[in-house]
Amino acid sequence: MYALYFILVVIICCIMMSNTVANEMREHIPYFEDICKGIKAGDTCEKLVGYSAVYRVCFGMACFFFIFCLLTLNINNSKSCRAYIHNGFWFFKLLLLGAMCSGAFFIPDQETFLNAWRYVGAVGGFLFIVIQLLLLVEFAHKWNKNWTAGTATNKLWYASLSLVTLITYSITTGGLIWMAVFYTQKDGCMENKILLGVNGGLCLLMSVVSISPSVRDRQPHSGILQSGLISCYVTYLTFSALSSKPAEVVLDEHGKNVTICVPNFGQDLYRDKTLVAGLGTAILCVCILYSCLTSTTRSSSDALQGRYTAPELEVARCCFCFGSGGEDAEEKRNMKEGPRVIYDEKKSTVYSYAYFHFMFFLASLYVMMTVTNWFNYESANIETFFSGSWSIFWVKMASCWICVLLYLGTLIAPLCRPSPQYSV
C-alpha cells in the first residue's frame, strides 16, 4: 500500500513535468483560464506545472513518510498499538497524504521555501544513493563469504566462484572496450577518454587491493569476486553517465551539424519522446521501489549497522540473499490471514518500521531531484528527461566514484583500525 501511494504521487509529478499534458489541457478543457484563476493557480495554471509544483507535491509526500518514521520509532512488537498505525488505516492515510501534498501549495513565501527545499532534496537524494551503494558493497562481500564457506565441504563452490568472477570481469572489460569504440573518436572526445581511463584504472586498483597480502591477512574472505562485481557496476554507471551526457554538435566540412562522441545508432532513439518518457519513468519507479523495499529487510538493516553473520555459521546457498528454508517456513506459519502482516518477535519485528518510512522519505527526495533534472530544474520537463543532462551525468559519475571509495574503505579500514566491527 505504501508503494502504491508512492507510485501514485510519482505519476502525478511526471504529469506536472509534462509539457504535452499541459498543452492538451489548455486546448481541450473549456474555460481553462477561468478555472486556473478561480483556484488561484495563475492565468495558465503555471503554479500546477513545472519543477516548483513537483517540489511542493514531493514536500508533502516526504513529510508524510517522515511523520510515520517518527511515529514508528522503537517499535519492537508487531502487535502494539503503534504497529497498527503502520499496518492499517489505509483510507485515512490516503486522505492525509492528499492533504499534505495539497497543503504544500499554500506555504507562504514560496521562493524562500523552494530555494531551501532544493538543498534539502539534494542532500536527501545523495544520501539515498549512498545507502544503495553501501548495500551493493555489502551484497558483494556477503556473496563471496557465503560461497567461500561452501568450499570447505564441496569443492564445486570453487568452480562457481571462478565462473561468476570470470563473467563479471568479462562484462567489465567488454563494456569498457565497447564504450571506448562507440563513445570516443580518434580526434576529439577527450573528456570521454579521460573518464573511461580513470574508471578503468579504478577497476584495476580495486582488483589489486582486494587480493593484496595485507588486506587478505586482515580479511581472509576478501577476493576478486567482490571487486569484479563492483567493477561491473562501475562499468554500468559509466555507460549510464555517458548515455546521459548532452550530445556534442560540431560542423563538418560541408557546414552541417554533426553529433559526435555518441554511437551512430543512438541518434534516432528519441524520436518518440512520449514512449521513451513513459518507459523510462516506469523503469525509474520500479528501481526506486525495489531499492526501498529491499533496503528495509532485517539483513540489510543489520549490514548498515555493521552486524554480520559469523563465518562459521554461514551455510552456502545459491540463493544466499534469502533466509534458509526453515526460517521461511516458520514465517509463513506466523503470517496473519488477510493483510500480509508477519508476526515474528524472535528478533523484534521482521523489519524496522521507522527505517522503512525513512527510506521512502529519502526516495521521495530522490524522485523530486531526479524528475526535475537535479540542478537544471528551470528547463526540465519529462519529454526531454532522457535526452541528456549535465546534472544527471555528474550525479551518475559521482555515484560511480563514491561506490569505489566505499568498497576500498571496507578493505582499508581494518588496516587502520583493526576491530570486529569492520569485519565483512
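Residues numbered from 1 in each chain as written. Predicted model: local features only at pLDDT ≥ 70, side-chain atom pairs only at ≥ 80, totals over all residues. Heavy atoms only, no water.

An unreviewed UniProt entry annotates the protein chain as Serine incorporator 5 originating from Bos indicus x Bos taurus. Within the UniProt record for the protein chain, the comment given under Subcellular location (unreviewed entry) is "Cell membrane". Per UniProt, the comment on the protein chain under Sequence similarities (unreviewed entry) is "Belongs to the TDE1 family." (UniProt positions renumbered as here; feature names shortened; annotations may be inferred.)

Trainee: What is the right way to look at the overall build of the protein chain in this model?
Mentor: Secondary structure assignment for the protein chain yields 16 helices and two strands. Across the 424 residues of the protein chain, 43% fall into the buried class. Sequence separation of 24 or more characterises 77% of the internal contacts of the protein chain that already satisfy a separation of 6 or more. Of the roughly 22,300 Å² that the protein chain leaves accessible, carbon and sulfur atoms contribute 66%. (Helix = DSSP H or I, 4+ residues; strand = E, 2+ residues; numbered from the N terminus. Buried < 20%, exposed > 50% of the residue type's maximum accessible area, 1.4 Å probe, protein only. Contact = heavy atoms within 4.5 Å. Areas by Shrake-Rupley, 256 points an atom, 1.4 Å probe, with all protein chains shown as cover.)

Trainee: What exactly am I supposed to notice about the pattern of salt bridges here?
Mentor: In this structure the tally under the stated criterion is one salt bridge. For Lys-245, the salt bridge is made with Glu-191, and the minimal N-O distance between the two is 2.7 Å. Of the two residues, Lys-245 is situated in the loop between α11 (224-244) and β1 (248-251) and Glu-191 in helix α9 (residues 190-210); the sequence distance between them amounts to 54 residues. The buried category is assigned to Lys-245, whose relative accessible area is 6%. Exposure remark for Glu-191: the relative accessible area of 33% places this residue in the partly exposed category. (Salt bridge = Lys/Arg side-chain N within 4 Å of Asp/Glu carboxyl O.)

Trainee: How should I be thinking about the nonpolar core in this particular structure?
Mentor: A general feature of soluble globular proteins is that nonpolar side chains tend to end up buried together. One finds Phe-6, Phe-65, Met-206, Ile-230 and Met-368 to be the most contacted residues of the largest nonpolar core, which totals 73 residues. The element best represented in this core is helix α7 (residues 110-150), accounting for 14 residues. Excluding anything up to four places from it in sequence, Met-206 contacts Ser-227, Ile-230, Ser-231, Val-234, Val-404, Tyr-407 and Leu-408. Grouped together as the second largest cluster of nonpolar side chains are nine residues, Tyr-183, Leu-196, Ala-241 and Leu-242 included. (Core = buried A, V, L, I, M, F, W, Y, C linked by side-chain atoms within 4.5 Å.)

Trainee: What is the right way to look at the packing of α7 against helix α15 (residues 353-371) in this model?
Mentor: When two helices pack together, their arrangement is given by the angle between their axes and by how far apart the axes lie. Direction vectors running N to C along α7 and α15 enclose 120°, while the axes themselves pass 7 Å from each other. Taken together, α7 and α15 sit at an angle that is classed as oblique. As α7 packs across α15, the resulting crossing turns out to be left-handed. In this structure, α7 contributes Trp-117, Arg-118, Val-120, Gly-121, Ala-122, Gly-124, Gly-125, Leu-127, Phe-128, Ile-129, Ile-131 and Gln-132 to the contact, and α15 contributes Tyr-355, Phe-358, Met-359, Leu-362, Ala-363, Leu-365, Tyr-366, Met-368 and Met-369. (Axes fitted to C-alpha atoms, helices over the stretch in contact; angles between N-to-C directions. Parallel < 35°, antiparallel > 145°, perpendicular 65-115°, else oblique. Left-handed = near helix turned anticlockwise from the far one by under 90°.)

Trainee: Is there a simple way to think about the packing of aromatic side chains in this case?
Mentor: Following the criterion strictly, the structure yields 26 aromatic pairs and no others. Feature note: the residues Tyr-2, Tyr-5, Phe-6, Phe-64, Phe-65, Phe-68, Trp-90, Phe-356 and Phe-360 constitute an aromatic cluster, connected by ring pairs. Its guanidinium or amino end placed over the ring of Trp-90, Lys-93 lies 4.1 Å from that ring's centre, counting from NZ or CZ. Lying over the aromatic face of Phe-393, Lys-245 brings its terminal NZ or CZ to 5.9 Å of the ring centre. (Phe/Tyr/Trp six-rings, centres within 6.5 Å; stacked < 30°, edge-to-face > 60°. Lys NZ or Arg CZ within 6 Å of the ring centre and 35° of its normal.)

Trainee: Help me out: how do you make sense of a nonpolar patch on the surface in this one?
Mentor: Judged by side-chain polarity, Ile-67, Leu-71, Tyr-84, Ile-85, Phe-89, Phe-91, Phe-92 and Leu-95 come together as a nonpolar surface patch covering roughly 800 Å² of accessible area. Looking at the nonpolar patch, the elements with two or more residues in it are α4 (51-71), α5 (81-87) and α6 (90-103). With three residues, α6 is the single largest residue contributor to the nonpolar patch. Judged by relative accessible area, which is 36%, Ile-67 ranks as partly exposed. (Patch = residues over 30% accessible without salt bridge, like charges linked within 9 Å, V, L, I, M, F, W, Y side chains within 5 Å.)

Trainee: Whenever I open this one, α6 confuses me. Can you help?
Mentor: Given 3.6 residues to a turn, an α-helix orients residues that are three or four positions apart in the same direction. Compared with an ideal rise of 1.5 Å per residue, which puts 14 residues at 20 Å, α6 spans 20 Å between its outermost C-alpha atoms and is within 8% of the ideal. Inspection of α6 places Lys-93, Leu-97, Met-100 and Cys-101 among the buried residues, and these make up the whole buried set. The buried residues of α6 all sit within an arc of 95° when viewed along its axis, so they share a single face. Among the exposed residues of α6, those oriented more than 90 degrees off its buried face are Phe-91 and Phe-92. (Expected span 1.5 Å × (residues − 1). Arc of directions from axis to C-beta.)

Trainee: Help me understand the environment of Tyr-353, please; the structure alone is not making it clear to me.
Mentor: Of note, Tyr-353 is situated in helix α15. Judged by its relative accessible area of 4%, Tyr-353 falls in the buried class. On a C-alpha basis, the gap between Tyr-353 and Leu-71 in space is 9.3 Å, while along the polypeptide they are 282 residues apart.

Trainee: Can you help me understand the confidence of the model for the protein chain in this one?
Mentor: Of the residues in the protein chain, 71% have a pLDDT of 70 or more, and the chain-wide mean is 76. Long-range and interchain partners of residues 266-273, a stretch whose pLDDT sits below 50, account for eight contacts in this model, where long-range means more than four residues apart. Per-residue pLDDT stays below 50 along residues 323-338; that stretch engages in 15 contacts with residues further than four places along the chain or on separate chains. (pLDDT = per-residue confidence, 0-100.)

Trainee: Could you clarify how one ought to interpret the environment of Pro-414 in this entry?
Mentor: If you trace the backbone, Pro-414 turns up in helix α16 (residues 390-416). Between the C-alpha atom of Pro-414 and that of Gln-219, which follows or precedes it by 195 residues, the distance is 8.1 Å.

Trainee: How should α15 be read in this particular structure?
Mentor: When the terminal C-alpha atoms of α15 are compared, their 27 Å separation across 19 residues agrees well with the 27 Å that a helix rising 1.5 Å per residue should span. Within α15, 18 of the 19 residues are buried, leaving the element largely enclosed by the surrounding structure. Immediately downstream of α15, the backbone of Asn-373 shows phi near 65°, a positive value.

Trainee: Hey, could you run me through the packing of α4 against α15 in this one?
Mentor: At a closest axis distance of 8 Å, the pairing of α4 and α15 adopts a crossing angle of 170°. Our classification of the angle between α4 and α15 gives roughly antiparallel. Contact residues: Val-54, Tyr-55, Cys-58, Met-61, Ala-62, Phe-65, Phe-66, Phe-68 and Cys-69 in α4; Ala-354, His-357, Phe-358, Phe-360, Phe-361, Ser-364, Leu-365, Met-368 and Met-369 in α15.

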